[in-house]
Amino acid sequence: MRPRSGASARKIASLALPALVVLAAEPLYVLVDTAVVGHLGPVPLAAVAVSGSVMSVAAWLGTLMSYGTTGRAARRFGAGDRAAAVAEGVQASWLALGVGVLLAVLAQPLAGPLARALAGDHEVADAAAGWLRVAVLGAPGLLLAAAGNGWMRGVQDTRRPLVYVLGANVLSAILCPVLVYPVGWGLTGSAVANVVAQTVSGFFFLYALFRETKQLRPDPQIILLQLRLGRDLLIRGGAFQACFLSATAVASRFGVESVGAHQIGLQLWFFSALALDAVAIAAQSLVGAALGGGSAGEAKAVARKVTIAGGLSGVAFALLVTAGAGSIPGWFTPDEGVHAQAAIIWPWFIGLMPFAGVVYALDGVLIGAGDVRFLRNITLAATLLGFLPAIWIAYFFDLGLGGVWAGLALLILIRFATTVWRWHSGRWAVVGVTR
């Protein structure tokens, strides 16, 4: 019997709310980490900004793996084949483990050169490289958790991931200030706390997979298929990484206070993006299941509802950020220079939130439908024609953080216009177990 995917608001909420906690847990921990490190001084804060941008590559790979697995697993689940949906998770987990170990090994010799390339200050670069060499040891666990989240969302189980991710991150949020201050490890204590959270979370998801199936052998054919099917998400994610790594590099050239403020703004942006992505997670699961079960009409009904929910959530976030404009930067650092630079970012942040809410919701619809080639193309266009030209113009003409965040505005607005057009066209709604 095929499971009903359901397009009701209650069903969307039942998937989105647990996903919200899961999505918010990691960036919330990063915000706690940023606040703890920020009180060590502007140099450690800038070091976390630089090294955190490099570590975001691992997080990007995890998101890619999670989203790709959700879409494939959801179609099989919608067609009534739960075992095939779980099998996607098994192979994704093998892929995650291999990529995570590779990242941890490669980062040891490359941490120094990468930090020096991104940081405009030698002291910041040295501190960033030390943090990165430790923190990257958590990459295997981070990617295993991403693969686990992917297949479990595909079978519409968002409650166990909530327990796994929240438990690991609460443990690490408690551990971080203890290791940084009373134990006296400073910046290294922050990195160790990151590794603990990611490793514990990865083990939880492996445990869930062992309970679900005994068919755990790697299948190179399926892994290669997953890699081939994920190539468009990979290119799309690479474009985002080029944007954010370039933005950090440019912000670093404007001084320690600028890159510190950029780190605060960027982490708040990532936090809000992942929180807003909760409805997109529900969309991926429900749209994939509906199309796998042969119902394009149900998939379109989900798309309408999550688009409205995404826009309203974006407005709510904008209001919260407006209310906290005078106090939020002080949570992360007492440095007045950083506060002054953060004030430049705030109007951009507020104005973009409603548009971003719609964009993230429609991303979920199109990923769930397997329409990732279209997403790849519009992301490349927004990157090459919007974000990158804007921030490098900001650098050459010394426009400061306002120029950097103008680039982010172009990235969001181009994606907003194109995804809304695609949604209205209906060309994304292709039924079947595979697209």
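Every value quoted in this text rests on a predicted model; they were computed, and no experiment measured them.

1. What about the domain arrangement of the protein chain?
- Domain parsing of the protein chain yields domain 1 (10–218) and domain 2 (232–425).
- Between the C-alpha centres of domain 1 and domain 2 the distance comes to 20 Å.
- Counting from both sides, the interface comprises 43 residues of domain 1 and, opposite them, 43 residues of domain 2.
- Both sides of the domain 1 and domain 2 interface together cover about 3,900 Å² of buried area, and 72% of this is carbon and sulfur.
- When residues of domain 1 are sorted by the area they lose upon contact with domain 2, Ile 12, Tyr 67 and Arg 75 head the list and together hold 17% of the total.
- Applying the counting criterion to the domain 1 and domain 2 interface returns 0 salt bridges.
- At the boundary of domain 1 with domain 2, the tally comes to 6 residue pairs in polar contact (both at pLDDT 80 or more).
- Among the elements that take part in the side of domain 1 that touches domain 2, helix α2 (residues 42–78) stands out by supplying 19 residues, more than any other.

2. Some thoughts on unusual backbone geometry
- Phi is positive for Gln 156, which is not a glycine, with a value near 65°.
- One can find Gln 156 in the loop between α5 (139–154) and α6 (159–180).
- Unusually for a residue other than glycine, Asp 398 sits at a positive phi of about 55°.
- With a relative accessible area of 59%, Asp 398 lands in the exposed category.

3. Topic: a nonpolar patch on the surface
- Taken together, the side chains of Trp 392, Ile 393, Tyr 395, Phe 396, Phe 397 and Leu 399 present a nonpolar region at the surface, about 670 Å² in accessible area.
- Using a relative accessible area of 34% as the deciding quantity, one classes Trp 392 as partly exposed.

4. Considerations on helix α11 (residues 278–292)
- Along its 15 residues, α11 runs 21 Å from first to last C-alpha, staying within 8% of the 21 Å computed at 1.5 Å per residue.
- The element α11 is extensively covered by neighbouring structure, given that 15 of its 15 residues are classed as buried.
- Just beyond α11, the residue with positive phi is Gly 294, at close to 90°.

5. As for the environment of Ala 409
- Mapped onto the elements of the fold, Ala 409 is located in helix α16 (residues 400–425).
- Leaving out residues up to four positions away in the same chain, Ala 409 has contacts with Trp 348 and Leu 352.

6. Topic: the packing of helix α10 (residues 256–276) against α16
- It is at 11 Å that the axes of α10 and α16 come closest, and there the two elements cross at 25°. In terms of orientation, α10 and α16 fall into the roughly parallel class. Handedness of the crossing formed by α10 with α16: right-handed. Across from Ser 258, Ala 261, His 262, Gly 265, Leu 266 and Trp 269 in α10, the residues of α16 making contact are Leu 401, Val 404, Trp 405, Leu 408 and Ile 412.
- For the contact of α10 with α16, a count of residues per class yields 8 nonpolar, 3 polar and no charged.

7. Here we look at the nonpolar core
- The biggest cluster of nonpolar side chains holds 72 residues, and the ones touching the most others in it are Leu 268, Trp 269, Met 353, Tyr 360, Phe 387 and Leu 408.
- The two domains that each donate at least three residues to this core are domain 1 (10–218) and domain 2 (232–425).
- If sequence neighbours within four positions are ignored, Tyr 360 has contacts with Trp 269, Ala 273, Leu 276, Asp 277, Ala 280, Ile 412 and Arg 415.
- In this structure, Trp 60, Ala 283, Leu 286 and Val 372 belong to the second largest nonpolar core, which totals 43 residues.

8. Concerning the packing of aromatic side chains
- What the rule picks out here adds up to 11 aromatic pairs.
- A centroid spacing of 6.1 Å and a plane angle of 85° characterise the contact between Trp 269 and Trp 405, whose relative ring orientation is edge-to-face. Remark: Trp 405 occurs in helix α16 and Trp 269 occurs in helix α10; sequence separation between them is 136 residues.
- We classify Trp 405 as buried; its relative accessible area is 1%.
- Taken together, the aromatic side chains of Trp 269, Trp 346, Phe 349 and Trp 405 make up a single cluster linked through ring pairs.
- Between the NZ or CZ atom of Arg 422 and the centre of the ring of Phe 374, over which it lies, the distance is 4.6 Å.

9. Here's the deal with the pattern of salt bridges
- Applying the stated criterion across every chain, the model contains 9 salt bridges.
- Salt-bridge contacts for Arg 72 lead to Glu 88; the nearest nitrogen and oxygen are separated by 3.3 Å. Of this pair, Arg 72 sits in helix α2 while Glu 88 sits in helix α3 (residues 82–118), and the two are 16 residues apart along the sequence.
- Exposure remark for Arg 72: the relative accessible area of 14% places this residue in the buried category.
- Classification of Glu 88 by relative accessible area gives buried; the value is 7%.
- Among the salt bridges present, the one from Asp 232 reaches Arg 376, with a minimum N-O distance of 2.9 Å. Of this pair, Asp 232 sits in helix α9 (residues 231–253) while Arg 376 sits in helix α15 (residues 372–396); the two residues are 144 residues apart in sequence, bridging distant segments of the chain. In this pair, the class of Asp 232 matches that of Arg 376, namely buried.

10. Things to note about the environment of Trp 392
- Within the secondary structure layout, Trp 392 lies in helix α15.
- Taking the C-alpha atoms as reference, Trp 392 lies 9.1 Å from Gly 407; in sequence the two are 15 residues apart.

11. Remarks on the packing of α10 against helix α14 (residues 336–368)
- Interhelical geometry of α10 versus α14 gives an angle of 20° and a closest axis separation of 9 Å. Here α10 is positioned roughly parallel relative to α14, judged by the angle of their axes. The interaxial crossing formed by α10 with α14 has right-handed handedness. Seen from α10, the contacting residues are Glu 257, Ser 258, Gly 260, Ala 261, His 262, Ile 264, Gly 265, Leu 268, Trp 269, Ser 272, Ala 273 and Leu 276; seen from α14, they are Gly 337, Val 338, Gln 341, Ala 342, Ile 345, Trp 346, Phe 349, Leu 352, Met 353, Ala 356, Gly 357 and Tyr 360.
- Within the contact of α10 with α14, the residues separate by chemical class into 15 nonpolar, 8 polar and 1 charged.

Calculation criteria
Residues numbered from 1 in each chain as written. Predicted model: local features only at pLDDT ≥ 70, side-chain atom pairs only at ≥ 80, totals over all residues. Heavy atoms only, no water. Domains from an automatic or database assignment. Contact = heavy atoms within 4.5 Å. Buried area = accessible area lost by both parts, 1.4 Å probe. Salt bridge = Lys/Arg side-chain N within 4 Å of Asp/Glu carboxyl O. Polar contact = N/O pair within 3.5 Å; in protein donor to acceptor, adjacent residues only side chain to side chain. Helix = DSSP H or I, 4+ residues; strand = E, 2+ residues; numbered from the N terminus. Buried < 20%, exposed > 50% of the residue type's maximum accessible area, 1.4 Å probe, protein only. Patch = residues over 30% accessible without salt bridge, like charges linked within 9 Å, V, L, I, M, F, W, Y side chains within 5 Å. Areas by Shrake-Rupley, 256 points an atom, 1.4 Å probe, with all protein chains shown as cover. Expected span 1.5 Å × (residues − 1). Axes fitted to C-alpha atoms, helices over the stretch in contact; angles between N-to-C directions. Parallel < 35°, antiparallel > 145°, perpendicular 65-115°, else oblique. Left-handed = near helix turned anticlockwise from the far one by under 90°. Nonpolar A, V, L, I, M, F, W, Y, C, P; charged D, E, K, R; others polar. Core = buried A, V, L, I, M, F, W, Y, C linked by side-chain atoms within 4.5 Å. Phe/Tyr/Trp six-rings, centres within 6.5 Å; stacked < 30°, edge-to-face > 60°. Lys NZ or Arg CZ within 6 Å of the ring centre and 35° of its normal.

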